Structures are given as C-alpha cells and as structure tokens.
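# Tertiary structure, described
Below, each chain spelled out in residue letters.
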Protein chains: 4
Amino acid sequence: MGNTFGRLFRVTTWGESHGAAIGAVVDGCPARLPLSEADIQPDLDRRAPGQSTLVTQRKESDTVRILSGVYEGQTLGTPISLEIPNQDMRSGDYRDMQEKYRPSHADYTYDAKYGVRDWRGGGRTSARETAGRVAAGAVARKLLAMRHQVEIVSWVSAVGAITAECDVESVTQERVEKTPVRCPDLARAEEMIRKIEAIRKDGNSIGGTITCAIRRAPAGWGAPVFDRLEADLAKAMLSLPASKGFEIGSGFAGTLLTGREHNDPFYMAGDRVRTRTNRSGGVQGGISNGETIYFKVAFKPTATIMTEQQTVNVRHEDTTLTGRGRHDPGVLPRAVPMVEAMAALVLADHALRQHAIS
Amino acid sequence: MGNTFGRLFRVTTWGESHGAAIGAVVDGCPARLPLSEADIQPDLDRRAPGQSTLVTQRKESDTVRILSGVYEGQTLGTPISLEIPNQDMRSGDYRDMQEKYRPSHADYTYDAKYGVRDWRGGGRTSARETAGRVAAGAVARKLLAMRHQVEIVSWVSAVGAITAECDVESVTQERVEKTPVRCPDLARAEEMIRKIEAIRKDGNSIGGTITCAIRRAPAGWGAPVFDRLEADLAKAMLSLPASKGFEIGSGFAGTLLTGREHNDPFYMAGDRVRTRTNRSGGVQGGISNGETIYFKVAFKPTATIMTEQQTVNVRHEDTTLTGRGRHDPGVLPRAVPMVEAMAALVLADHALRQHAIS
Amino acid sequence: MGNTFGRLFRVTTWGESHGAAIGAVVDGCPARLPLSEADIQPDLDRRAPGQSTLVTQRKESDTVRILSGVYEGQTLGTPISLEIPNQDMRSGDYRDMQEKYRPSHADYTYDAKYGVRDWRGGGRTSARETAGRVAAGAVARKLLAMRHQVEIVSWVSAVGAITAECDVESVTQERVEKTPVRCPDLARAEEMIRKIEAIRKDGNSIGGTITCAIRRAPAGWGAPVFDRLEADLAKAMLSLPASKGFEIGSGFAGTLLTGREHNDPFYMAGDRVRTRTNRSGGVQGGISNGETIYFKVAFKPTATIMTEQQTVNVRHEDTTLTGRGRHDPGVLPRAVPMVEAMAALVLADHALRQHAIS
Amino acid sequence: MGNTFGRLFRVTTWGESHGAAIGAVVDGCPARLPLSEADIQPDLDRRAPGQSTLVTQRKESDTVRILSGVYEGQTLGTPISLEIPNQDMRSGDYRDMQEKYRPSHADYTYDAKYGVRDWRGGGRTSARETAGRVAAGAVARKLLAMRHQVEIVSWVSAVGAITAECDVESVTQERVEKTPVRCPDLARAEEMIRKIEAIRKDGNSIGGTITCAIRRAPAGWGAPVFDRLEADLAKAMLSLPASKGFEIGSGFAGTLLTGREHNDPFYMAGDRVRTRTNRSGGVQGGISNGETIYFKVAFKPTATIMTEQQTVNVRHEDTTLTGRGRHDPGVLPRAVPMVEAMAALVLADHALRQHAIS
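Predicted model only: the values in this text are computed from it and were never measured.

### So, the overall build of chain A
Looking only at helices and strands, chain A features nine helices and 18 strands. Here the C-alpha radius of gyration of chain A, 21 Å, is about what a compact globule of 358 residues would show, namely 21 Å. Referenced to the eigenvectors of the C-alpha coordinate spread, the extents of chain A come out at roughly 65 × 50 × 35 Å. A sequence separation of at least 24 residues applies to 70% of the contacts in chain A between residues at least 6 apart.

Okay, structure coming up:
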C-alpha cells in the first residue's frame, strides 16, 4: 500500500534504485488522448541527474518506454505502463549503506517497518523513485493542457537564504529553463548557482523552496471537506523526498494579516467572477475559484554530505559514517519537474472528478 | 466523494450547518475498545462555539450520541455512527448569504461546482462540519492511547505576530487548557487574549498557527512514496477550514540550514535507536523513527468581518456586503481539538496499516 | 471496513438490529437531483417486515429521514445522511442468541472475527441492515431514472422448485406488486404463496431465486478487467444476506451450449447496433452493450426454523437450540427491493464513472 | 480505473495482447516472504496457451520477470512489478477484427465505451490479460501457504453436460494435473477430452464449470455487509473472461431445500467448533467459519468459432464474419489457474484485513 495516488486518474509507481527498472502504471486516463514517449521524455530529462554540476552526477539516460495503453499514438483508456530501465548501478559505492544507517535518510525507518531493505543506493527510498511520478505526471499534464488549457509552471524560489520574488501569473517555463538552477529571476539565479557550487565543493548540501503556479484551472475543481484541492496538493508535495513544508496562497505569512487585510474582494470582470487580490491562492473552501492556484514547497538540505557523522549500525552499535560516492548538493533544480508532476496528478484527478458529477 | 478519510480507520462525515444534524461514521475501528459518549464529549466541548469571548457566540450544546457500533461499553468492530443534532438554527442572521458571495468564503466556489448550495450558515462549508471529525478523532485517539500509549497534544503557537515557543516534548493538555486561547506559554497567552479581544471589538479577525506533538508513536508507522506519514498529516491539516500551510520538523526554517547543520545524528540510548536532534520531526522517508512527531499549521484570519466589503451577488453583479450576526475573531482556540482529531485519524490509520503487514 | 460500496456513488451503511437506529450515508450523488423522503419510503415499505404472512412479523414502520445533503427538495452534492429509527426492539425474544450459536447464522463467525457481538436480533448480521441499502438504492434509482431513463425491475422467479418463466423485457413493477410473493406469473404466484404458507405453518423455511432486469442502460457502462459490470453486480448480490449464487445472461445453463448456439449475432436496428439474442445478458467484456441486463440470484432458505437443532454454545459446549420468536419462512419477497437497490447502486456508480472519462 | 483489485493486498494489471508486454504490480505484500520467479512460473505455465490440443495454439513462453520488490530472494514490502513480454504477435491473423465486431466478444462494447480500441488480438479484452493476474495470484498463494497453511485447489467439474462430482475436501492439484483437461475424475476427464476434441474439429466451442476449494482458512476472515468473503469471491470470479455465474456452498441447488434440510448443525470436534454439513460453503454472514470454502464458476463457450456469423462492422453496416486463425475450443483447462489466482488474491486481502484489526 501507499504506492498509488489518485482516485480517478490513478498512478502506481514501482521500483528500487538499483533493481532492473523502475516504472509507473497510469490507470484512468481517458481514451483518445494523443500520447507518445516524446510527451514524457522532456520532463524526465529535466528530472535526470547529471544535467549540471548543481546536481548529482549519477549517469542515467532515463529513457522511458510506453508498454501498454497507447495504440497508434492515442491512449486506449486502458492502463498506461511506463518503464525506465536502471543503468548506472554501481552498488560498490554504497557498501556502507548496508551496514550503517545514514543520518536523516530512511535506512533505519525502513528496517524498523519492514525488517529488510534493499540498501543499494537507498532502494525504494531513493529519489530515483520519482522518475516514475514524473513520467506519469507528464501524461496528466498533457491531458490538462489538451482538454482544459491548464498550464503548470514551477521554479526554484529560494536556495537557502537567497530568495527570488517572481510573479506567479507570468513566469514561463522557457524562462525557468534558462539557467540550470531553474530560477526565473536571472540575477538571483546567478547567486544561487554560486552558492550551490560553493556548498558542493565543501561537501555540504543546501535546501530551499519551489513555487508552483497552476493557471487557467476553471472554477469548481476540488471538493469540500477531506479532499480539498489544497489538501490533495499538500499531500502530493509532502510525499516528495526531502520536502518539509507546504503553503498555499498567503500561507504562513497570511497568519500575520487581519481578515480585513487578507480577504479577496470579488468583482465582475466582464461576465467572469474574479477576485481583486489572490491571497486565497486560487482555492476557497477546497474548490478552485478560477484564479491562479499557487503554492510553495520547502525542501530540506539533502542528507548525504561528505562529512564524518555520528550514527548507529544495523547491529545497533554507535559508529561513524563518512559520505562517499556521488553527492547531490541540493535537490532543488531537479525537484522542479517533480513538483509539476505531482501538481498535474492532483489536478487531472479533480478534473475527472468534476466531470463525473457535472 | 471527498467526505471520507483514511484507508483502514475510515471516517465519513455528513451534515450541513443548519440541517437537522451533523455526524460521522467510523468504519474500521477494531472491536473490544472501551468506548462511550464520555470519551468523545470533552473534545466536542473544546471545539464548541460559545466557550469564551475569543470565539464565535453561536450556542450549541453539541451533544454527541453513539447510534451504532458500541454495545455494553465496547466497540463491536462494526461502523460507529456518531450524531450531533443542530440546535441554534437562526437562519435569519444569514439572509445576505443567499444573495451575495462572501469574500474569501466558499459560497462562490460551491455554486461554481454544484450549481446549488445550502446558504444557511454556510451549509456544508461551515466549520460546524468539523464537529463530526472531532467526534471521530476522539475514537481514534482512544484507540491510540489504549493500544499504543500514543499521546497527541496541540496548542496555539502564534496569534498574528505574537509567537510562543513551547517545548514539543513536554507541553501537556492540562497546561494548554489553562487559558481560553489554548497557548501553554501563559505570558504569551495573556497577550494573545488581549489581541483577540481588540480584534473582536474592531469587527476584524486574526490568524495564527497551531503546533501539534505526537508522542510515543513507535518507529515503523507510515509508508514510503505517496502515503508518507507527513503527506497524510499535511492532507489532514490542509483539509481543515482556514488552514493555509503545514510544516513538519524543521519546516520552512530548515531550508535555511545546510545538510551539516540539519542532519539528525543517530545514537544508541540503551537498546533504542534515537536521534540527537529532531529536525526530521519524527519522520524519515515517510516513516516514523520513534522520536516525537511535531508539525505546525497556519490558519488565516477568518473571513467574516464586520466591515463593508466589495463583492458580487448570485446574479453576477457587483455589490457590497457588510458582516452581521455572530462573528468569530479567530478560529485558533477551537482549531486545537480539530488538529488533534485529524492527527489522531492519520495515526490510527497508519497503526492499523502497520499491524496488517507485520 | 467493508461497510462502504461504490467508487464514485458511494454508500456507507451503519447500524445494529436493536440499536437506536440504522442508516446510510450516500456520498457522490450529483447535485440538483430532486429528492425527498417520498422517493425513498416506498422501497423501504416493500422491504419492511410485517407486510404479509409470507414474511417475518417484526413490526417496524421503517420511516426514513433525510438528515443532510438535500435542501429545498434538491440534492446539494454533499453527503446524504439517511436514518431509520429502530422501534420494535423486543430483545427478550432473542435470549438464546446470547448463549448459543444459531446454525447457519453468523453468530459464531462474528465471535470468531471480533471476539464480541451484539447478539440482540443478530445485531449487525440482521437482514435489518439492508434497510440502509434499500434507502440508498432508492437515491441511485432516482438518479438513473431521471438522468438516463434506466429502469430496474426484479421479481421472485422461483420458490423452492416452483419456477416462473417471465420475460425480462416486459415484466413491470406494477405486475410484480400484484401479489405479496412478488412473482409476476400470477398462476405460479398462487402456488408459491400456498407453498410458503405451508412451510411457515410447519416452522420451516424455503429459498428460491430472484431475477432482475435493467433496461435502457446505454452501451459503454462498465469496465474491463476487475470492475466488469457483471463482477460488480455479482459482488453486490452476494453481499445480500442468504444469497448463495449469481448468474448473468445464459448463466449456468449457458455452459451446456456450444459457441455456435450461444453467440449473440449483431445486426443494425435502424442506426443502433443490437444483438439478435441476448445470452450475454446485456454485458460483453464487462461493458454494457445496450441490451437489457438481466441476472438471477439464488437465496438459500432462511436459517431460523422452529425445530430443535444441534449446535454449540459460546463456551464451546455441545447443546441444542429450538427456534422461538418471530420467524421468516422465506426472505424472497422482501429481497426483491434489496436486489433492485444493489443493482441501482452498481449502475449509478458506473454511470458516473463513464461520465468521468467521456 | 477498474484495473486494480484488493484493498490491502492490491494488484494492478496492465497490457494489451499484442503490445510489448503485459504485467502486474502487487502492492501490499508483506516483507520477508521468500519469493522468486520460480514461485510464479509454474502457474503461468498452467495458464499458457499451447499446452495441448484442448486449448488455443498461440505460442507464448510467458516467461515472468520480477522487476522490483524482491531483493536477495525476499520481498521488501515495496511494490512487486511482474512483467511478461509478448512474443507471438501475428497481427495479420486478426485483420477482420479491425473492421468487424466479433459476436459475443467485447469489440463493440470497447468501441462504445472508449471510441478507440487496440483490435490486434482483442487488445486489452484478450484473455492474455489474465497472465498478469495469475502471476500476482501466485504471490498471494505463496503468502497464504507460508503464513497460514491455506491451500487452494480448483478443477474442471463440467464440460458441457459431462459433469464430475469430486470431493472438495480431498482433490489434490497433483490429481488435477494428471490430464490436460484438469478434471480429477479421470473417467470423466477422458470423456471431456474426447468431447473437446470433437468440438475443436467442428470449429465450435464449449463451456463448463470450474470448482474451487480453499482449505484451512481460519474462522474469522471476511467481513460483514458489502465485503463479504463470498461477495469478493463472486466479484473475482465474474471478472474472469467468459464467466457467467458463481455459486458458493449449496448454491442454486440449495434453493430447492428447506431450512431444516439446509442448515449446518454445529458441534465440537475436540476444541474446535465445526459443522456437520457444509452447505454454507465455509462462509457464514460473509465470514469464514473454518470449514472448507468451496464454490463453482460457470464459463460460457468461447466466442471465437470457425463458422460464418452475422454481425456488423465499425461503420455500422450489416455484414458476416468467418472465424480464422487460432481457435480455442474451450477456456476451461486454462481457467483453472485463473480461478485459483483470483481466489488467492481475495483470501490474501482478507488475511491482511483480519490481521489489521486483531
């Protein structure tokens, strides 16, 4: 359990970091959506390691194959099986993992839960698992774009204390992709790159935030009570490795305002109900109001560092661990397509849900 | 859809603010748990309006009845139906609601979604819906306490800019309940109370944060990938009315640290694996590690204010709205039992899930 | 778990036979469906005991109340809570139940599963639980009738060896209701009534079959693989108390034919694809083909008989049990609305599912 | 949707008949179960076509690979991805399928539902899809055998009018496998084989029944109300291609008995509660009672026959179709492992569910 996401647009991911392959099965995608590997590969490439010195150097081509659910370039309405072979499986780099619990990784908790784990490269706990999500998310994104003209863009909005303020209404993916750090504020992007380089050389790691904007979702998506749109988005984001926080609209800063300052007045813009401000973040009472949905996700610094750390081993003895092998100074640039993928899965699911009852 | 929470310990809530009653059905609670209304009523009383001038003055006794699933003081393993009659149904106070969309409320989005709504008191969008959750959460909390000695305590940690730093390991419910604002830092509590009183007199409203600690959950609860413990907690919290953010452990502040500063070193405390620090917030890779699980939730200022506001009406014409009737200067003190209830639902669900596979 | 049915049109039932009430919560019914208690009560009345000497004499008015989800005569899209108070709770009649496991009842298996049970009147195992289903099914039936002109009719097609052959295309509910045994073949109905009366006087019980026809369901409802329409119908029917078998279309008799005899040739009837015969029972590959969907359900003789029987008691000692109290010579006439209700729940769910992806 | 089965032990299958591969993902299998391809391949071999002249001659080695979820011979608690490449993809044989709806196949209903289909070999409607189920079922069967000593055996109990009465308590798989028709009554098996050979030479097809026995399931598995064990078994069986009926215990024949004849008296066998007879089929009130669970499934004659048949084409014109290519005179022998697999999935799911609440 726990490897399936969504109610109508459902994704199940599978695979360990150093097994034969990883993948995802998408069940519930409507039929007759044009789809091929070319719709999916670009997002996988954005997620892939080895794109720049800002991220881990593991070399994987991450080439996706569609094994089912598509025929003659169209979806069939049947499950879409997406598979990505694992290639660069240097288990040797990870020998310490077998013996010692890496601090702030999931080695210990997996052992506590299952009594066994595939320690090679973190096994199922590896961020490599997210490749399956990104592939599935690309299908959701295509559905949203073609049927509903919904656009999802996300970007790095902070690296450590370096923050970029970007307009959630206008940032384009093209601009996001201009720098390897994926921050559309190009001046800040340069600072962030320098910061990450310095952190990498120091064998250390750094966190930050990603902001995501979902544009042109119609009013009426979402649900009251437990499956509020923001609740499903929060779950989606907190399910990503290294994420520690989520806020929508005004978020934590909104707690400093009074109601008089915070409320979003309605007005008519032609025949469309709109709000003057958007502190709600495009969602009211769990349901979209037609404004841009935007939220921010906090990612902690990655846990692998090139420093000796205190820890315990699998025999429950105190010991120390020194990081070796490939090292990722920060997950942020690669997390951008992950955030977009999860957002797309949430929105596609609610789009189908709304369609079901209307 | 969207009115059920949980996979094994499942809760379905129902009811509109001004209908005959509201309630919840709990399916999946194990048999032979001692249970009576006396286990549930105290949490309902803490959630109820009219407790102090800090919260809304709607008068409801909120008396719960167990209609099924319990016989001779024990759960039967069958669905537990919990019902709370609605009493103070002064629909007249709300006449504007029928005609005008209240800013930053869910009136407009419900109409956009369903094409119809029960406008009396907000209908299903009213925070009154949470009474069903609190009742169900009390059952989950009893299960967790009796079977696993798990304790859940939450408190108001900020009202606007007034913040209280409290130790997540030691705050007791007794101390939380010492003041009507439910902040265990009694000095800060006084400030918060004064602030809320001032806000109330001004016809305004204010937000803040609630912190929650879950103590003594064993290592191994939770799940990898989509149903991470923090993901389910995030969903649970963002499903609460007026919530805008969630962070676990180091949260957003953790993005300012490097990995060297952020990692939690393991050590042996007797025969138990523990961490020196707890920036992880008790969860690693989606699974509990045996440390205290703690998180913070942001609540925006309530949307009802006693000020004229711009808005539109149901005929899509620009208009203005002036708040009348009962007015809640802040949801925070009443949200404390809501946060605890949702946390209990998440934990009880994962406790059963872990039991299933072990 | 196990008390919820459906994926999009979801029903959760609750309640024990001798508790305060029983009920159902319907989640997922689209908004703006006209609905009132008057749409539900007739089916409940058909299910109720005490209608004739053919069924149990327990006296219950079974009056349903809609507690939520409906406002001004229309559904709101929110959960519809349906409640039926229990009235005739003569626990005294059932004292033996506390001590002894009734043969072919569920007393023993409930104790084996839960270690506790509400023995009064069978508790949750009582057929009384089906009142909640019938109430929820009436909502589904209304939705199907109003949105899709789908009609569901079922009838008693056999009592013991007395079988009636009725045309699945043309039987009307009016004709079914002409006799208390609910068999539209009036000559056979007389025989059945005499048989049941004789069985009742003898303190014995008898089984039989119910046939159900679903007319005017469009082609395209259902799903391949696990959620085939016939699979969901089979589950729905085998979930009814005392049911032991299900067959759709040609069913078990179809196993005696060859493919050449069994296949349903297609032909064009105007612009509509139709089949010359309907051995498929309106479903091919799990999906409706536009022909009448029909199936048959086997119900065993009810287990309560006025005869001394061997059994064991709760202390696991051999003993004997003699039936007392009210006795139902056969569940069949009352099972007719139950079969219709469950069929309606399956069809409404698949109607929404098809709507979601089209 | 519709491609996932189970609540705790969950299986999702994917794949079209003539795509690159088919497969299944098992989510929820507990960790530390010894597992390798060798546990799965034998059931796949029993399901595979080309074993004898009694079944279709499509040549497939059906070799399964475990791509995830197993490490060093043990399950990890993570999803188990099972993949079977498609090999014998002679699309040319099926050209008529593209143009004409085969009578009593699912070509028309798929088009009605999805507006598109992979016509090659039936695509997703092909019985080939069941290979994924059989692979997943083998995992469930291993879990049941190792943890609970539960044994599942099924066999062909009728081919057309040739019926075999076999003792559900004692039939062994070894005896079932003695003949290619998989009927343990060896005299009847010879008759059945001759019948199927004659039918095959005639270009016709034939149906029959399969009986299944589940032995040593403890009392207490299953659930009241909707997820009764027999309800889940009925759904599982009616989800198999070509199945038209299901009966448990006394089934349809039980409707001819009176309660006095039908009830199963309890008695103490040492310290174990048992029943003298087993007309209940091992299940009472939806929950196992510790006796052997047995049921029968009806399979219609396969729809592909070598005869000219009336039908319509995709342009909705009347036409005729003559079967060509490989032809399966009867699905029965190959359906035996399918029935066992689906039974294993149901039982494994309920085993985990019972574990969760006990």
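### With respect to the relation of the copies chain B and chain A
With an RMSD of 0.0 Å, the fit of chain B onto chain A corresponds to turning through 180 degrees and sliding 0.0 Å along the axis. Here the transformation between the copies is reduced to the relation of a two-fold axis. Take the interface residues of chain B: 100% of them recur as interface residues in chain A, which is what a same-surface contact looks like.

### Comments concerning the sheet that holds strand 3 (residues 21-27) of chain C
Sheet strands line up and pair through hydrogen bonds in the backbone, either parallel or antiparallel. Residue and element names in this part refer to chain C. Read from one edge of the open sheet, five strands run 1-2-3-7-4, paired in antiparallel fashion. Only two strands of the sheet have a single partner each, and these edge strands are strand 1 (4-5) and strand 4 (65-66). Pairing of strand 3 with strand 7 (residues 80-85), which is carried by six bridges, proceeds in the antiparallel orientation. Paired with V25 across the two strands is S81, which belongs to strand 7.

### Some thoughts on the side chain of S104 of chain B
Along the chain, S104 of chain B falls in the loop between helix 2 (95-99) and helix 3 (107-114). A distance of 2.9 Å separates the side chain of S104 of chain B from the backbone nitrogen of D264 of chain A, its partner in a polar contact.

### Section: the environment of E177 of chain B
Residue and element names in this part refer to chain B. Mapping E177 onto the fold places it in the loop between helix 5 (173-176) and helix 6 (186-201). The exposure class assigned to E177 is partly exposed, which follows from its relative accessible area of 29%. Taking the C-alpha atoms as reference points, E177 and E230, 53 residues apart in sequence, are found 27 Å from one another.

### With respect to the interface of chain B and chain A
Contacts between chain B and chain A engage 107 residues on the former and 107 residues on the latter. Where chain B abuts chain A, roughly 8300 Å² becomes buried across the two surfaces, and 60% of that area is made up of carbon and sulfur atoms. Sorting the residues of chain B by area buried against chain A places F226, K244 and R260 of chain B first, and these three jointly supply 11% of that buried surface. The interface formed by chain B and chain A contains six salt bridges. For D232 of chain A, the salt bridge identified is with K235 of chain B, shortest N-O distance 2.5 Å. Counting the contacts that link chain B with chain A gives 45 residue pairs in polar contact (both at pLDDT 80 or more). Within the side of chain B that touches chain A, the residues separate by chemical class into 45 nonpolar, 38 polar and 24 charged. Taken together, the three bridges between strand 11 (residues 243-248) of chain A and strand 11 (residues 243-248) of chain B define a ladder with antiparallel strand orientation. Bridge assignment links F246 of chain A to a residue of strand 11 of chain B, and that residue is F246 of chain B.

### Observations concerning the pattern of salt bridges
All names here are of chain A. Applying the stated criterion across every chain, the model contains 108 salt bridges over all chains. With a shortest N-O distance of 2.9 Å, E99 and R315 are connected by a salt bridge. Taken together, the positions of E99 in helix 2 (residues 95-99) and R315 in the loop between strand 17 (308-312) and strand 18 (318-322) put the pair 216 residues apart, joining distant regions of the chain. The partly exposed category is assigned to E99, whose relative accessible area is 32%. We classify R315 as partly exposed; its relative accessible area is 48%.

### So, the layout of surface pockets
The calculated volume of the largest pocket comes to roughly 750 Å³. Lining the largest pocket we find 35 residues, and of these E247, F252 and A253 of chain A together with E247 and F252 of chain B sit closest to its centre. Its residues assigned to classes, the lining of the largest pocket comprises 18 nonpolar, 10 polar and seven charged. Reported here for the second largest pocket is a volume of approximately 560 Å³. Lining the second largest pocket are 25 residues, and of these E165, E247, A253 and K296 of chain C together with F252 of chain D sit closest to its centre. For the lining of the second largest pocket, the secondary structure elements donating two or more residues are strand 8 (151-159), strand 10 (208-215) and strand 16 (293-299) of chain C. When its residues are assigned to classes, the lining of the second largest pocket shows 12 nonpolar, eight polar and five charged.

### So, the interface of chain A and chain C
Much of the literature gives interface size as the accessible area that the parts lose upon coming together. Each partner contributes to the interface: chain A provides nine residues, whereas chain C provides nine residues. Of the roughly 840 Å² buried where chain A meets chain C, counting both sides, 57% is carbon and sulfur surface. Sorting the residues of chain A by area buried against chain C places H355, A356 and I357 of chain A first, and these three jointly supply 48% of that buried surface. If you look at where chain A meets chain C, you find zero salt bridges. Scanning the region where chain A abuts chain C turns up five residue pairs in polar contact (both at pLDDT 80 or more). Per-element tally for the side of chain A that touches chain C: the top contributor is helix 9 (residues 332-357) of chain A, with four residues.

### Observations concerning unusual backbone geometry
Non-glycine residue E72 of chain C carries a positive phi angle of around 50 degrees. Relative to the helices and strands, E72 of chain C is located in the loop between strand 5 (70-71) and strand 6 (74-75). Accessibility expressed as a relative area gives 64% for E72 of chain C, which makes it exposed. The phi angle at A242 of chain D is positive, at roughly 75 degrees, despite the residue not being glycine.

### Here we look at the packing of helix 1 (residues 37-47) of chain C against helix 4 (residues 130-148) of chain C
Residues and elements named next belong to chain C. Two numbers describe how helix 1 lies on helix 4: the axes approach to 9 Å, and their chain directions differ by 140 degrees. It follows from the interaxial angle that helix 1 and helix 4 lie oblique. Every pair of crossing elements has a handedness; the one defined by helix 1 and helix 4 is right-handed. When helix 1 is examined against helix 4, the residues D39, I40, D43, L44, R46 and R47 are found in contact with a partner set consisting of T130, A131, V134, A135, A138, V139, R141 and K142. When the residues that make up the contact of helix 1 with helix 4 are grouped by side-chain class, the tally is seven nonpolar, one polar and six charged.

### A few points about the packing of aromatic side chains
In this description, a pair of aromatic rings is defined by centroid distance and the angle of the planes. Applying the stated criterion to the full structure yields 26 aromatic pairs over all chains. When the centroid spacing of 5.4 Å and the interplanar angle of 45 degrees are considered together, the rings of F226 of chain C and F5 of chain D count as tilted. Residue F226 of chain C is located in the loop between strand 10 and helix 7 (229-238), and its partner F5 of chain D is located in strand 1 (residues 4-5); the two belong to separate chains. Aromatic rings pair up to connect Y101 and Y108 of chain A together with F266 of chain B into one cluster. Just above the ring of Y267 of chain B sits the side chain of R276 of chain B; from NZ or CZ to the centre is 3.8 Å.

How each quantity is defined
- Residues numbered from 1 in each chain as written.
- Chains lettered and ligands numbered in written order.
- Predicted model: local features only at pLDDT ≥ 70, side-chain atom pairs only at ≥ 80, totals over all residues.
- Heavy atoms only, no water.
- Helix = DSSP H or I, 4+ residues; strand = E, 2+ residues; numbered from the N terminus.
- Rg over C-alpha atoms; globule rule 2.2 N^0.38 Å.
- Contact = heavy atoms within 4.5 Å.
- Least-squares fit on C-alpha atoms with pLDDT ≥ 70 in both.
- Pairing = 2+ DSSP bridges.
- Polar contact = N/O pair within 3.5 Å; in protein donor to acceptor, adjacent residues only side chain to side chain.
- Buried < 20%, exposed > 50% of the residue type's maximum accessible area, 1.4 Å probe, protein only.
- Buried area = accessible area lost by both parts, 1.4 Å probe.
- Salt bridge = Lys/Arg side-chain N within 4 Å of Asp/Glu carboxyl O.
- Nonpolar A, V, L, I, M, F, W, Y, C, P; charged D, E, K, R; others polar.
- 1 Å grid on protein atoms, 1.4 Å probe; cavity = no way out; pocket = protein on both sides within 12 Å on 5 of 7 lines; lining within 4 Å.
- Points joined across faces, edges and corners; volume = space filled by probe spheres on them.
- Axes fitted to C-alpha atoms, helices over the stretch in contact; angles between N-to-C directions.
- Parallel < 35°, antiparallel > 145°, perpendicular 65-115°, else oblique.
- Left-handed = near helix turned anticlockwise from the far one by under 90°.
- Phe/Tyr/Trp six-rings, centres within 6.5 Å; stacked < 30°, edge-to-face > 60°.
- Lys NZ or Arg CZ within 6 Å of the ring centre and 35° of its normal.

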